[in-house]
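# Examining the three-dimensional arrangement
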Amino acid sequence: MEEITREQWLLNRRQFMKGAVLAGTGAALAKLGIFDLGPAQAQAGPEHFLSGPTADYEVRTLCEMCVWRCGVIAKVRGGKIEKLDGNPEHPHSLGNLCARGQSGLMMTYDPDRVLYPLMRVGERGSGRFRRATWEEALDFTAEQMLRIKNTYGPEAMIFSSTHNLSQPLFENLLNAYGSPNYGTQRSLCFNAMVTAHLLTLGIQEPARRYDGMNYIILTGRNLMEGISTSETRQLMERIAQGAHVVVLDPRFTKTAAKAAEWLPIRPGTDLAFHLALIQVIIDENLYDRAFVERYTVGFDELAEAVRGYTPRWAAPITEIPEATIYRIAHEFAEAAPYAFAHPNWRTSNFINSFQTERAIAVLNALIGLCPEQGDCIFADESTVSLGGPPQPPYPRVTAMRLDGVPWKYPLVPLKLGVFQEIRDAVLTGQPYQARGWFFSRQNPIMSLPDMARTIEAFKKLEFIVSVDIILNDSSWYADVILPEATYLERYDPLHAVGSRVFIRQPVVEPLGEARSALWIYRELGRRLGLEDYFQYLDEEDYIRQQLAPFGVPLEQIKQVGYFDAPVPERSGERTWNTPSGKVEIASETLRKAGFPAVPVWEEPPRPPEGRFYLLTGKVGQHTQFATQNNAYLQEVDYHTQDLWLHPTAAAQRGINNGDLVRVTSDAGAVEVKVWLTEGIRPDCVYLAPGFGHASRGLKKAYNRGVNASRVHVTFTDPVSGGQALTQTFVTVERA
Ligand SMILES: Nc1nc2c(c(=O)[nH]1)N[C@H]1C(S)=C(S)[C@@H](COP(=O)(O)OP(=O)(O)OC[C@H]3O[C@@H](n4cnc5c(=O)[nH]c(N)nc54)[C@H](O)[C@@H]3O)O[C@H]1N2
Ligand SMILES: Nc1nc2c(c(=O)[nH]1)N[C@H]1C(S)=C(S)[C@@H](COP(=O)(O)OP(=O)(O)OC[C@H]3O[C@@H](n4cnc5c(=O)[nH]c(N)nc54)[C@H](O)[C@@H]3O)O[C@H]1N2
Ligand code: SF4
Ligand SMILES: [Mo]
């Protein structure tokens, strides 16, 4: 490859931008649509397209290596994607991509991709499939879905999917079909955080503001590895500028390594830590009286309830010294309003995680959430609502939801649901028997706790269909696999970040016969007699209909990659979207449902003598269970597949570094290599998610490491419906 300096590259880029702007007038603009590149390039001359030293052309699109969706500039040479860079105009990437984003092209060029529809020929789970035509695979899928609907009712069909841009179309399919049974990753991920913030602040997903913040408490939020590019960068910048960061984590994570202090808290006791901070702040009058009086309800009840939660009380529970808790309470309150306790992301840890999240939300409220009038630390991020083609109303659904919302979980927001309950309802047949499962962009066999139970549930079903790009572990058990084009080969519905609206568009043509989800769902909808819910001719037509209210031509957004929608005017006084219109320190909604109205201590289960807490948590170079087959990312796996164990605990059991050990819980057992490290509490072990793939269709990832879901036990937080992923206790012995 030709060597050039960064300056030369930037110069080339600037010239390209100039070229693009020049070409962006009149008829030439339309020619710049990427499918027109051949002729356009011939007309405009190569200098307009030479963006870097090597690219024939570049396309502005969105990453999909994780749900954060950074802006990408994809560079193509000789018809092949050569390089992915961050788009500086995207507020998430700001010109950078993480390791996974950089490696995204290997997902498109993964030799293990599914490029044609597949239909099962062997026994379920044997992994024996044959190639089918789209016609055949879609006809068969529609026939099975109609058979289930007509025989057992639409509720007998489960739909599930993890956050993605074509999700509105998937939800359209399930709502039009008429099933109430929809499973998402949310209850394995952020139910506790979202439910607590909805009940306290009336905000679903609080955006995090870092500007000016001098004191930040991270309760297991591992931002350096559980990456959100923009937020990770903001934290790094604050640390460089001297902000004091406190990390509570039983494990010495990469975030702990960058923080001012690492507190290896006993798992499940973060609630006690935060209650003690609240106690000190109230007892010593360190809270923001003006904010509390003006914007909150229930302060007196809280003050009464936390009276006994002193640092002295919390110290033996959390195993954090009393003086440390006391000092942090003072420092935190003194740094206010330029301080916050991070609301976290994956909060599926213990059955008391909802209460922990409530305590965090209340703690933030006590020190005043809004440094500047109306400009609060937490605000809903998206300000633009994007529509789509017209559609008729959905049929009325009368059947109960299998996930227990709201009849078993009255406070779980309908949108979040309790995924693990759906799996269990398949096994018990209660309150009725599900017969089919349609999952898209999801790997429930790996991501749900207790893999054996999930496989058992799958085996009980009459029909399973999956939409994925690789033969993931769950698809391995499917009857039909519908191959989606990768994010670099397809359009998806538009995506708004704040008021900026981005497009995902194809960089290259799909390999094989892979097709976009927009196409797949519409084709299936037609066969199910639901064509009125899919009123678009093709992908571009769908996006044109989304763009119409903004008056933005498709050609323009394809060229620029985004457009800025008008920003709605901010109303003067801050209001809170809760029943009282205020921040609910005491919540009548909780009280009425039979839960404590203010956060109080709830003791989580402790491991019996001789057992460890099993921790999980992201690694920077992988996304969940999805990227282990990526050839580039595999090169940067160091000890990621091994079990973390403290040397003291190892010595007591005669275990040496690199030994093979057997890890056993009430749900199952795995054998895995040990990595000895002092970066974990002696009563904990840790396994990274994503290894131990069961699908032999993932040739590079198969049989590497182990999957924690083989040992994870299913426990559900009764308020938020979150799965308690840290509440699995294991023995570890030499294998
Ligand atoms: N590289 C990368 N980035 C990602 C993802 C990815 O897969 N890969 N996934 C994205 C998604 S979907 C999510 S949800 C976020 C998740 O990102 P985070 O919310 O940061 O969550 P995790 O990494 O799952 O877990 C964080 C930490 O919780 C600790 N922990 C476990 N139990 C307890 C406890 O009881 N108390 C405390 N204080 N800590 C505990 C674990 O040791 C772990 O280090 O990351 C996102 N970003
Ligand atoms: N042990 C353990 N379990 C966990 C967690 C943990 O940390 N440890 N984390 C929990 C959390 S936070 C979450 S969010 C969930 C995630 O749980 P899941 O959503 O089930 O897991 P993913 O690995 O993200 O599954 C995504 C699937 O989408 C596929 N995919 C990728 N790109 C595309 C695409 O463009 N189109 C289509 N159709 N498919 C695509 C991938 O191949 C992959 O099979 O797991 C939860 N479970
Ligand atoms: S954080 Fe990384 S993987 Fe996720 S969207 Fe951004 S670049 Fe892609
Ligand atoms: Mo997640």
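A brief report on the enclosed structure follows. Predicted, not measured: the structure shown is a model, and the values here were computed from it.

### Details of the sheet that holds strand β16 (residues 495-497)
Within the open sheet, the 3 strands sit side by side as β16-β17-β18. Their pairing is antiparallel. This sheet does not close on itself; its edge strands, each paired only once, are β16 and β18 (562-564). The average undirected angle you get between the axes of adjacent strands in this sheet is 25°. Pairing geometry for strand β17 (residues 500-502) and β18, over 3 bridges, is antiparallel. In the strand pairing of β18, F502 is matched with Y562.

### Notes on the sheet that holds strand β4 (residues 118-120)
Pairing in this open sheet of 7 strands is mixed, and the strands run β5-β4-β15-β14-β13-β6-β7 from one edge to the other. Unpaired on one side and paired on the other, β5 (129-131) and β7 (182-183) mark the two borders of the sheet. Bridge count between strand β13 (residues 436-440) and strand β14 (residues 463-468): 5 bridges; the pairing is parallel. Among the inter-strand pairings, W437 is bridged to a residue of β14, identified as I464.

### Here we look at the site of ligand 1
N222, R251, R346, K618 and H622 are the nearest of the 32 residues found near ligand 1. In this structure, a nitrogen atom belonging to ligand 1 sits 2.8 Å away from a main-chain N or O atom of E225. For ligand 1, the protein covers 98% of the area, taking 920 Å² as the surface of the free molecule. Mapped onto the domain boundaries, the shell around ligand 1 takes at least three residues apiece from domain 2 (208-379) and domain 3 (612-734).

### With respect to the side chain of N164
Tracing the chain through its elements places N164 in the loop between β6 (157-161) and α7 (167-177). A relative accessible area of 7% means that N164 is categorised as buried. Among the polar contacts listed, one links the side chain of N164 to the backbone oxygen of T162, at a separation of 2.7 Å. Polar side-chain contacts of N164 include one of 2.9 Å to the side chain of S166.

Rules and cut-offs
Residues numbered from 1 in each chain as written. Chains lettered and ligands numbered in written order. Predicted model: local features only at pLDDT ≥ 70, side-chain atom pairs only at ≥ 80, totals over all residues. Heavy atoms only, no water. Pairing = 2+ DSSP bridges. Helix = DSSP H or I, 4+ residues; strand = E, 2+ residues; numbered from the N terminus. Axes fitted to C-alpha atoms, helices over the stretch in contact; angles between N-to-C directions. Near = heavy atom within 4 Å. Polar contact = N/O pair within 3.5 Å; in protein donor to acceptor, adjacent residues only side chain to side chain. Areas by Shrake-Rupley, 256 points an atom, 1.4 Å probe, with all protein chains shown as cover. Domains from an automatic or database assignment. Buried < 20%, exposed > 50% of the residue type's maximum accessible area, 1.4 Å probe, protein only.

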